[in-house]
Structure formats: C-alpha cells, structure tokens
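Structural characterization, general
The lines below spell out each chain.
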Amino acid sequence: MPLVTMRQLLDEAAAGAYGVAAFNVNNMEQIQGIMDAAQETQSPVIVQASRGARSYAGDRFLYHLMLAAAETYPDIPVALHQDHGNSPETCISAIELGFTSVMMDGSLAEDAKTPLDFEANVAVTKQVVDYAHERGVTVEGELGTLGGIEDGVGSGEVHLTDPAQAEEFVERTGVDALAVAIGTSHGAYKFSREPDGDVLDMEIIEDIHRRLPDTHIVMHGSSSVPAELVERVRAAGGEVDAGFGVPISAIQRGIEHGVRKVNIDTDGRLAMTAAMRELFRDKPGDWDPRGPGKAARAGQKLICMQRMQELGMAGHAGDYEPMSLQDMAARYAAGVRTAV
Ligand code: G3H
Ligand code: 13P
Ligand code: ZN
C-alpha cells in the first residue's frame, strides 16, 4: 500500500471511533516489530521519527526503512510522521524526504527547551501548514507544554492547554491535529503515584473536543510504563528511574472524546531493552548480534499488539483505500480539511 496521510488515517479513526498509536522508530528491528504487530492485528499505524531518530539512523536510512515497511506490508495503511519538529526547516526537510505528516512543535522555541509565546507559536505553525497543505501533507501543532525533559527535549515546566486558546490556535493555523498538555510528560517517570484528576486533566480534552470536533486531539507522553517491564529491565541488571505511566483507561476515555493519535515511545524502549538484557543475562554464549536483535523485535511486537487492541485500532487496516498526496492537496486548496 502506498503511504497514507495522517489526516486520512485519523479521519478514518474518527469515523470508526478508535485511536491510532504513533510509535517512535529508530532502527530496523523496531520498525519490523511494529509492522509485524500491525500485520497480525490488521491495524493502520503511524510510524514517527524524532529529530534524534533522524540523526541516529541518518535521514536516508530511516526513510528507506520506513518505505520498506510500507512495501513489505502492503495491506497496512502507514503514515510517516515527523515527531516534534522544532522549526519549519525540520518539517520541510521531512516533507522533502517523503514523510506524509509533520509535527511543528511551536510550543517550544527552536532550542526545544524554551516555551514559546502564543503569537510566535501561531506564526511558526501557520508557516508550516501553508507549506505542507500545498503538498497534501498533514500537520500536527502543539499548544501547552508537557512536563519532563527527555534527551534535552522539553522545558521541564508543565503549562496545561487552555481550551479557549486551543480554539483560536486551530482557527488561525488550520492544523489537522492538536497535541495538548494535560499533565503527561515524556519518558519513564511521569507520575509519582497512580494519576488522578489532580495530575492528569482529562477534562481539558473533553472541553477541546466540544469546541473543535473536527480537529484530531493528540496525546503525547502516553506510555503506560508497565511495572512488569520496568521490573524485567531491573532484574536483568538495568537501572530505570520509573514512576507511574498513563493508565490505558485514561487513553480510552480520551478516545471517547476526540483523541485519535496516541504517542508511545517509552513502552517500546522498555520492551526492547528488557528482551535484550534478558538475552545477554541468560545466554552469555550467544554472541551473534542477531540474537538481541530478534529478542528486541519480538519485545516491540508484543507491546504494540497489546496497545493496538487496547486503542481499538485492530481490525481496521482494510477499511479504506489510500488517498494520494495530490488529491489531499486539492482538497485543502478547495477549503476542505478532511479526507473522509
Ligand atoms: O519526543 C519524545 C520521544 O520519546 C522521542 O524521543 O528524542 O529521544 O528520540 P527521542
Ligand atoms: P512516551 O515517552 O510516553 O512514550 O511519549 C512519547 C511521545 O510523546 C513522543 O512524541
Ligand atoms: Zn511527544
């Protein structure tokens, strides 16, 4: 199947009332694990690359690995997404590379640390929307900032999204999807206790969805950080500073109220690391690097299958034919924002 735009993928998810996981990818085993899971559960999927992933693997390598995934699994709709673009240049380079969707994260300045003010966020996001929509490419924006700092990304301060401002932001920028800050953060340490409404504000999502029913809401920092995976990493000699993650029930509640894209990176990292550490611990004589590679791939596959079932995306791969970027560009030019 040719690559699909994230707009189409999320519009279809809205029509079917399910959520789509966006899994971060960095290498071949991770991409294969995700795609094996999508194949087995017949799920449409978003594979996303951060700037860190692009510099780790190299643009051409990463893009062709993602393309190989789309070719190898022709029944699975796949959107290629730039995660946390820090500038129009990053987003434009992803579009030139062949990504079908980009995130312009104008909640932070180009250093990916300093919170950016509302007007500057609108300006930088609108610039990317104009460029991307002319080419049929989907755009995700972000309003509000997540907590935590992951690999130097993030301000470390939480600024929850203001629903009234979200309405103005979407009207002025024309983004297809909006990442919101509701108290989550990136990484394995999100909450010091099982989160309740005091630290995870699901009502923000409900309010934004009432105001913006056609804008797809994105939950970042949505790993659930299973205690079992953390324990496995530790039991195999690893150290993880982990707290409580986002409960699956909260993600499911979000999906009932307009959340369509659910970003999951940490759970996959934990699953791969646990599998590799166990292999090194239990089979010291297995010095062929394909051993840990296979174990990591199987670990990623298992956690992805679980999330695909939980988000309701399983079984929806065959629901629709992909729309081309040109057709999507024509719709945007005609003032139509949706693919369905
Ligand atoms: O934005 C956060 C994602 O988990 C990506 O992390 O920048 O270390 O690749 P990364
Ligand atoms: P986690 O760290 O919770 O997996 O979040 C990933 C994310 O939001 C990527 O943009
Ligand atoms: Zn994120």
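Now for a quick tour of the structure.

**Focus: unusual backbone geometry**
Glycine aside, residues mostly have negative phi, and peptide bonds are mostly found in the trans state. A positive phi angle, close to 60°, is found at A17, a residue other than glycine. Among the structural elements, A17 can be located in the loop between α1 (6–16) and β1 (20–24). The residue A112 is not glycine, and still its phi comes out positive at about 60°. On the secondary structure map, A112 appears in the loop between β4 (101–104) and α6 (118–133).

**Some words on the site of ligand 2**
Close to ligand 2 lie 13 residues; H220, S223, N263, D265 and T266 are nearest. Contributions of two or more residues to the shell around ligand 2 are made by β3 (78–85) and β8 (259–264). Across the shell around ligand 2, the residue classes break down as one nonpolar, ten polar and two charged.

**Some remarks on the environment of E134**
By the element assignment, E134 lies in the loop between α6 and β5 (138–143). For the pair E134 and T114, spaced 20 residues apart in the sequence, the C-alpha separation amounts to 30 Å.

**What about the packing of helix α9 (residues 227–235) against helix α11 (residues 266–282)?**
Their axes nearest at 8 Å, the elements α9 and α11 cross at an angle of 35°. Between α9 and α11 the crossing geometry is left-handed. Touching L229, V230, R232 and V233 of α9 are L270, A271, T273, A274, R277 and E278, all from α11. Residue classes in the contact of α9 with α11 are distributed as six nonpolar, one polar and three charged.

**Details of helix α2 (residues 28–41)**
For α2, spanning 14 residues, the distance from its first C-alpha to its last is 20 Å, which sits close to the expected 20 Å at 1.5 Å a residue. When you tally the buried positions in α2, you get eleven out of 14 residues, the bulk of the element. All buried positions along α2 are accounted for by E29, Q30, I31, Q32, G33, I34, M35, D36, A37, A38 and T41. With its phi angle positive at about 55°, Q42 sits one or two positions after the end of α2.

**Considering the sheet that holds β8**
Strand order around the closed barrel formed by eight strands is β1-β2-β3-β4-β5-β6-β7-β8, with parallel pairing between neighbours. Geometrically, the sheet is characterised by an average inter-axis angle of 25° between neighbouring strands, direction not taken into account. Pairing between β4 and β5: four bridges, direction parallel. Its bridge partner lying in β5, M104 is registered against G141.

**What about the packing of α2 against helix α12 (residues 290–311)?**
Interhelical geometry of α2 versus α12 gives an angle of 40° and a closest axis separation of 7 Å. With respect to each other, α2 and α12 are oriented oblique. Helix-helix and strand crossings are classified by hand; for α2 and α12 the assignment is right-handed. Of the residues in α12, those in contact with E29, Q30, Q32, G33, I34, D36, A37, A38, E40 and T41 of α2 are G293, A296, R297, Q300, K301, C304, M305, M308 and Q309. Residue classes in the contact of α2 with α12 are distributed as seven nonpolar, seven polar and five charged.

**Quick word on the pairing of strand β6 (residues 177–180)**
Where a strand is regular, its side chains alternate between the two sheet faces. Alternating positions in β6 separate into two faces, A177 and A179 on one and L178 and V180 on the other, with burial throughout. Relative to β6, β5 runs parallel, the two sharing four bridges. Paired with G141 across the strands is L178, a residue of β6. Strand direction decides the pairing type here: β6 and strand β7 (residues 216–219), joined by four bridges, are parallel. Residue pairing across strands places A179 opposite V218, the latter belonging to β7. Each parallel crossover has a hand, and for β6 linked through helix α8 (residues 202–211) to β7 it is right-handed.

**Considering the pairing of β4**
The alternating pattern of β4 places S101 and M103 on one face and V102 and M104 on the opposite face, and all of these are buried. Looking at chain direction, β3 and β4 are connected through three bridges and run parallel. What sits directly across from G85, in β4, is M104. On the question of chirality, the crossover connecting β3 to the parallel β4 by way of helix α5 (residues 88–97) is right-handed. At this point the chain moves from β4, through α6, to the parallel β5, and the crossover so formed is right-handed.

**Describing α5**
For α5, the set of buried residues is T90, C91, A94 and I95. For α5, the arc enclosing every buried residue in end-on projection is 135°, short of the 170-degree limit, so these residues lie on one face. Facing away from the buried side of α5 by more than 90 degrees, the exposed set consists of E89 and E96. Lining the buried residues of α5 we find α3 (51–57), β3, β4 and α6. Taken from the residues just after α5, G98 is the one with a positive phi, measuring 125°.

What counts, and at which threshold
Think of each chain on its own: its residues are numbered from 1, step by step along the sequence as written. Whichever chain is written first is A, and whichever ligand is written first is 1; the rest continue in order. Totals for whole chains, interfaces and linings use all residues, but because this is a predicted model, local features are given only for residues with pLDDT of at least 70 and pairs of side-chain atoms are given and counted only at 80 or more. Only runs of H or I of at least four residues qualify as helices and only runs of E of at least two qualify as strands under DSSP, and these elements are numbered from the N terminus. Defining nearness, a residue is near a molecule or strand when the C-beta atom obtained from its backbone falls within 6 Å of it. Under the scheme applied, nonpolar residues are Ala, Val, Leu, Ile, Met, Phe, Trp, Tyr, Cys and Pro; charged residues are Asp, Glu, Lys and Arg; polar residues are all the others, including Gly. Note on geometry: axes are lines fitted to C-alpha atoms, helical ones only across the stretch in contact, with angles between N-to-C directions running from 0 to 180 degrees. For any helix crossing, the convention is left-handed if the near helix is rotated counterclockwise from the far helix by under a right angle, and right-handed if that rotation is clockwise. This entry defines residue contacts through backbone-placed C-beta atoms, with two residues in contact when those atoms are within 7 Å. Under the convention used throughout, the expected extent of a helix is 1.5 Å for every residue step, that is, one less than its residue count. Counts of 20 or more other C-beta atoms within 10 Å of a residue's own C-beta define buried residues, counts of 12 or fewer define exposed ones, and intermediate counts define partly exposed ones; C-beta atoms are placed from the backbone. Pairing between strands requires that DSSP locate at least two bridges from one strand to the other. Angle categories are assigned with fixed cut-offs, so that under 35 degrees is roughly parallel, over 145 is roughly antiparallel, 65 to 115 is roughly perpendicular, and the rest are oblique. Seen with its strands pointing away from the viewer, a crossover is right-handed if its path from the first strand over the helix to the second goes clockwise. Arc definition: it is the arc formed by the directions from the helix axis to the C-beta atoms.

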